[in-house]
Amino acid sequence: MKLLLDEIKACQLCEQYLPFGANPVMLAGEKSKIIIVGQAPGRKVHETLIPWNDKSGDNLRAWMGVDRDLFYDTDFFALMPMGFCYPGRGNSGDLPPRKECAPKWHKELLQMMPDKKLFLLVGQYAQNYYLGDKTKATLTETVKNFREYLPLFFPLPHPSPRNNIWQAKNPWFKQEVLPTLKEIVTDII
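So, how was this worked out
- Residues numbered from 1 in each chain as written.
- Predicted model: local features only at pLDDT ≥ 70, side-chain atom pairs only at ≥ 80, totals over all residues.
- Heavy atoms only, no water.
- 1 Å grid on protein atoms, 1.4 Å probe; cavity = no way out; pocket = protein on both sides within 12 Å on 5 of 7 lines; lining within 4 Å.
- Points joined across faces, edges and corners; volume = space filled by probe spheres on them.
- Nonpolar A, V, L, I, M, F, W, Y, C, P; charged D, E, K, R; others polar.
- Helix = DSSP H or I, 4+ residues; strand = E, 2+ residues; numbered from the N terminus.
- Buried < 20%, exposed > 50% of the residue type's maximum accessible area, 1.4 Å probe, protein only.
- Pairing = 2+ DSSP bridges.
- Polar contact = N/O pair within 3.5 Å; in protein donor to acceptor, adjacent residues only side chain to side chain.
- Contact = heavy atoms within 4.5 Å.
- Salt bridge = Lys/Arg side-chain N within 4 Å of Asp/Glu carboxyl O.

Caption draft 1: Broad picture of empty space enclosed by the protein. Summed over the entire model, instances satisfying the criterion amount to one cavity of 30 Å³ or more. There is about 50 Å³ of room inside the largest cavity. Looking at the largest cavity, the residues that line it are Ile8, Cys11, Gln12, Leu13, Cys14, Glu15, Leu18, Ala22, Pro24, Phe84, Cys85 and Trp105. Across the lining of the largest cavity, the residue classes tally to ten nonpolar, one polar and one charged.

Written out as structure tokens, the structure reads:
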């Protein structure tokens with residue numbers, strides 16, 4: 001696993017498209033049980049090299065009911081985005097994750113984690129990649145029907161503070177989805 005992680009951290013596959021250069025950020029271990037597949041690191045994560053080291057990470061940890069120490073313990077969690085490097089900023093937020101990372105690295109990483117029990121698919125990019133044609137017409141519908149994807153996959157919206165409006169419009173998320181998420185995460189840990 002260490003050799004693979006070193007190879008990923010040295011990856012420059014799409015550096016020419018990255019405005020701040022290649023700086024792969026992810027975290028995994030051979031004993032990881034819960035695989036969190038997000039979008040791509042934001043600017044703060046790019047600079048600190050700590051995955052989910054921002055308000056989105058705080059929200060995600062709260063959703064799961066875990067603290068920072070447990071979240072960064074690779075015996076429990078692998079933090080594996082669709083794109084390992086910060087893609088830069090677009091008109092309405094960060095650009096989408098680069099498409100090279102997941103096909104290049106995910107399968108090989110997952111083969112090194114035999115104890116995996118659950119994939120948290122955070123956002124539309126992760127859901128489309130892992131659920132394929134089983135996704136619903138919208139992210140909202142996919143998340144609302146999360147039970148269809150259990151026990152292996154658990155689709156979630158992105159925990160960005162920008163999604164507070166979405167959460168307000170969809171009260172079922174806090175009432176139904178988050179309690180189930182916390183229960184499943186607690187059972188696995």
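Following the structure, the description resumes.
Caption draft 2: Quick look at the layout of surface pockets. By volume, the largest pocket amounts to about 840 Å³. As for the largest pocket, its lining consists of 36 residues, of which Gln39, Ser56, Asp94, His158 and Ser160 are closest to the centre. Secondary-structure elements contributing two or more residues to the lining of the largest pocket are α2 (43-48), α3 (55-64), β4 (93-94) and α6 (124-131). Looking at the lining of the largest pocket element by element, the count peaks at three residues for α2. In terms of residue class, the lining of the largest pocket is made up of 18 nonpolar, eleven polar and seven charged.

Caption draft 3: Inspection of the pairing of strand β1 (residues 34-37) at higher detail. Burial of β1 is two-sided: the residues Ile34 and Ile36 facing one way and the residues Ile35 and Val37 facing the other way are all buried. Where β1 and strand β2 (residues 77-79) come together, three bridges link them in parallel fashion. Across the sheet, the residue bridging to Ile34 is Phe77, located in β2. Alignment of β1 against strand β5 (residues 118-122), held across four bridges, turns out to be parallel. Residue pairing for β5: Ile34 is matched across the bridge by Leu118.

Caption draft 4: Just the side chain of Gln127, in detail. Residue position: Gln127 is located in helix α6. Side-chain polar atoms of Gln127 contact the backbone oxygen of Leu156, separated by 2.8 Å. If near-sequence neighbours (up to four positions away) are discounted, Gln127 is found in contact with Leu121, Gly132, Thr135, Leu139, Thr142, Val143, Pro155 and Leu156.

Caption draft 5: Fine view of the environment of Gln39. Considering the arrangement of structural elements, one finds Gln39 in the loop between β1 and α2. Taking the C-alpha atoms as reference, Gln39 lies 13 Å from Leu60; in sequence the two are 21 residues apart. Other than its neighbours up to four places away in sequence, Gln39 contacts Pro81, Met82, Gly83, Pro97, Val122, Gly123, Tyr125 and His158.

Caption draft 6: Representation of the pattern of salt bridges within the structure. Applying the stated criterion across every chain, the model contains six salt bridges. In this structure, Glu47 engages Arg43 in a salt bridge whose closest nitrogen and oxygen atoms are separated by 3.1 Å. In this pair, Glu47 and Arg43 both sit in helix α2, four residues apart, roughly one turn of the helix. Since its relative accessible area comes to 52%, Glu47 is described here as exposed. Looking at Arg43, the relative accessible area reads 39%, which means it is partly exposed.

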